[in-house]
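# Structural characterization, general
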Amino acid sequence: LPTEFSLSQNYPNPFNPVTSINFDVAENGKINLDVYDIKGNHISSLISSYYSVGSYAIQWDGVDSFGAEVASGVYIYQLRYPSGLITKKMTLIR
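We now turn to the structure provided with this report. (Residues numbered from 1 in each chain as written. Predicted model: local features only at pLDDT ≥ 70, side-chain atom pairs only at ≥ 80, totals over all residues. Heavy atoms only, no water.)

By secondary structure assignment, the location of Thr-19 is in strand E2 (residues 19-25). For the pair Thr-19 and Trp-60, spaced 41 residues apart in the sequence, the C-alpha separation amounts to 5.5 Å. The contacts of Thr-19, once residues within four sequence positions are left out, are Asn-10, Tyr-11, Pro-12, Ile-58, Gln-59, Trp-60 and Met-90. In terms of polar contacts, Thr-19 uses its side chain to reach the backbone carbonyl oxygen of Pro-12, at 3.0 Å. (Helix = DSSP H or I, 4+ residues; strand = E, 2+ residues; numbered from the N terminus. Contact = heavy atoms within 4.5 Å. Polar contact = N/O pair within 3.5 Å; in protein donor to acceptor, adjacent residues only side chain to side chain.)

The subject of this paragraph is the packing of aromatic side chains. Using the criterion set out here, one finds six aromatic pairs in the structure. Arranged with centres 5.6 Å apart and planes meeting at 25 degrees, the rings of Phe-23 and Tyr-56 form a pair that is stacked. Here Phe-23, found in strand E2, pairs with Tyr-56, found in strand E5 (residues 54-60); they are 33 residues apart in sequence, far enough to count as distant. For Phe-23, a relative accessible area of 2% corresponds to the buried category. Linked through ring pairs, Phe-15, Trp-60 and Tyr-75 together constitute an aromatic cluster. (Phe/Tyr/Trp six-rings, centres within 6.5 Å; stacked < 30°, edge-to-face > 60°. Buried < 20%, exposed > 50% of the residue type's maximum accessible area, 1.4 Å probe, protein only.)

If you want it as structure tokens, here you go:
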């Protein structure tokens, strides 16, 4: 079981049309995984729920919260957990 929170670099990166994001949860609690554009605008909430200790993976298909495809570019993904947050960049090429 993981002993600390971690957020892996998405794979593949750059991606089209889907990318995988792996993360480790070190303590039970509410986890949020959000995607933002390079200007800081919220694009999509991939996760917003309670997770138990363990390793997880989620996929993002390059669509926003309304189901619309987003443009090519650099996006920020952020894992927020009870005691902190981790941020990484990814690139979508259409």
